[in-house]
Amino acid sequence: MEFNEKIAALAKRSATASQKALTEEATKTSVVLPFIQALGFDPFNLDEVIPEFVSDVGTKKGEKVDFALNIDGDSRILIEVKPITSTLGSTQYSQLYRYFGVTEAKLAILTNGKEAWFFSDIDAPNKMDKKPFFKFDFQQHDDEDIDELSRFQKNEFSIEGILEAASALKYSHAASQYLKNQLEDPDDEFVKLVGRKIHDGMLTKNVVEQIRPAIQSALESIIRNRIQDRLDIAFRPTADSTKLTKDAEKADENGEIVTTEDELQAYMIIKAIAARSIATNRVTIRDAKSYCSIFIDDNNRKPLCRLYFNAKSKNMLGLFHVDKSEEKVDIASMEDIYKYADRIVQTAESYA
């Protein structure tokens, strides 16, 4: 099984556990052990996976961390598990923090079966950072997240490569958060930084206040233009869409299944939305008498949406949860599909 397929299966386990697992032990059994196995470690081999790993830490004797993952006889990764019903936070990794400095492990994972937070010692040697350099959401992730997670597989494990990537991720995430904050509310320092490039003369307080909305508007315009570029690509006529239209016309003449213009328009909208997390050429359409299906990879085991546009009174859109259960919602117009963009993207990501 490919790594992305293992993670897709793990996403289903996590979704199920969110509803049924009430304790830390249930979280370990239903999600964390399969997660360890997906990384290539044998959870039944005590030379690779040590449960209830014990190490004396200062005055605390016999304290335990839930798992230690060994490679070539050395502890490489420490894992602390919390119940899936809990929310991860800074107060929950005190044990990991204490253990980190007294073992040879350079990586630590805090997980509740919904998320996995990855820590190292980027800021100071042998001292676990207070902030994770990488967060993986078991139920909502994209191809880039899976690529980052794949670095932690046993057969690809390279502590040097991981720490190099960790440092880059740390600064990338910090930069993203900073730019997001500036997009929402540019501070004086940022406005002055840009202002020096676009304004001749002194940047007085009045000038800063005058150019602040212009800079914010420019940032928003850049974002809109990037999104529009993606949409233009998705909506560009292709050989497939032309063939669909011709096939529909031919079917209509023969009294067979007809893929209507509304269905084609909805298909293109859904395709554009899914483009946020998946290649557009993977989004396909297949019509039937009672509904029109939109799949990923033209695979009926990877449903993205269903279009119920054949009724005279109203149109409905079928949305799919991670467990592939379907939920139907009414739509009054094609624009209503955008209300469910996050749901569509989430489903597409589960097949990434």
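The model shown is predicted, which means the values in this text are computed figures rather than measured ones.

One non-glycine residue, Asp-298, lies in positive phi territory at about 55°. For Lys-324, which is not glycine, the phi torsion reads 75° and is therefore positive. Note on placement: Lys-324 falls in the loop between strand S10 (315-320) and strand S11 (326-331). In this structure Lys-324 comes out as partly exposed when scored by relative accessible area, which is 28%.

In this model, the protein chain carries an average pLDDT of 82, and 85% of its residues clear a pLDDT of 70 or more. By mean pLDDT, the top-scoring element of the protein chain is helix H2 (residues 24-38) (93), and the lowest-scoring one is helix H8 (residues 239-253) (50). Ignoring residues within four places in sequence, the model shows residues 248-252, a span with pLDDT below 50, making six contacts including any to other chains.

In terms of nonpolar packing, the biggest core is built from 35 residues, with Phe-118, Phe-133, Leu-149 and Phe-152 touching the most fellow members. Not counting the four nearest positions on each side in its chain, Phe-133 is found in contact with Leu-107, Phe-118, Phe-119, Ser-120, Ile-122, Phe-152, Ile-162, Ala-166, Leu-169, Lys-170 and His-173. In this structure, Ile-273, Ala-274, Leu-317 and Tyr-351 belong to the second largest nonpolar core, which totals 28 residues.

A few words on the sheet that holds strand S5 (residues 115-119). One open sheet holds the six strands; their spatial order is S1-S2-S3-S4-S5-S6, and the pairing between them is mixed. Each end of this open sheet is capped by a strand with a single partner; those strands are strand S1 (49-54) and strand S6 (134-137). With direction set aside, neighbouring strand axes in the sheet form an average angle of 25°. Relative to strand S3 (residues 74-81), strand S2 (residues 64-71) runs antiparallel, the two sharing five bridges. Across the sheet, Ala-68 pairs through a bridge with Leu-78, a residue of S3.

So, about the environment of Arg-286. Tracing the sequence through the fold places Arg-286 in strand S7 (residues 283-287). The partly exposed category is assigned to Arg-286, whose relative accessible area is 35%. Put simply, Arg-286 and Thr-259 are 27 residues apart on the chain and 8.8 Å apart in space, counted from C-alpha to C-alpha. With sequence-adjacent residues up to four places away left out, Arg-286 is seen in contact with Cys-292, Ser-293, Phe-295, Asp-298, Asn-299 and Asn-300.

Along an α-helix, residues three or four apart share an orientation, since each turn contains 3.6 residues. Of the positions making up helix H4 (residues 143-150), those classed as buried are Ile-146, Glu-148, Leu-149 and Ser-150. For H4, the secondary structure elements touched by its buried residues are helix H1 (3-20), H2, S5, S6 and helix H5 (159-184). Among the residues of H4, the N-terminal cap falls to Asp-142, whose side-chain oxygen and the backbone nitrogen of Glu-144 are separated by 3.2 Å.

Definitions and cut-offs
- Residues numbered from 1 in each chain as written.
- Predicted model: local features only at pLDDT ≥ 70, side-chain atom pairs only at ≥ 80, totals over all residues.
- Heavy atoms only, no water.
- Helix = DSSP H or I, 4+ residues; strand = E, 2+ residues; numbered from the N terminus.
- Buried < 20%, exposed > 50% of the residue type's maximum accessible area, 1.4 Å probe, protein only.
- pLDDT = per-residue confidence, 0-100.
- Contact = heavy atoms within 4.5 Å.
- Core = buried A, V, L, I, M, F, W, Y, C linked by side-chain atoms within 4.5 Å.
- Pairing = 2+ DSSP bridges.
- Axes fitted to C-alpha atoms, helices over the stretch in contact; angles between N-to-C directions.
- Polar contact = N/O pair within 3.5 Å; in protein donor to acceptor, adjacent residues only side chain to side chain.

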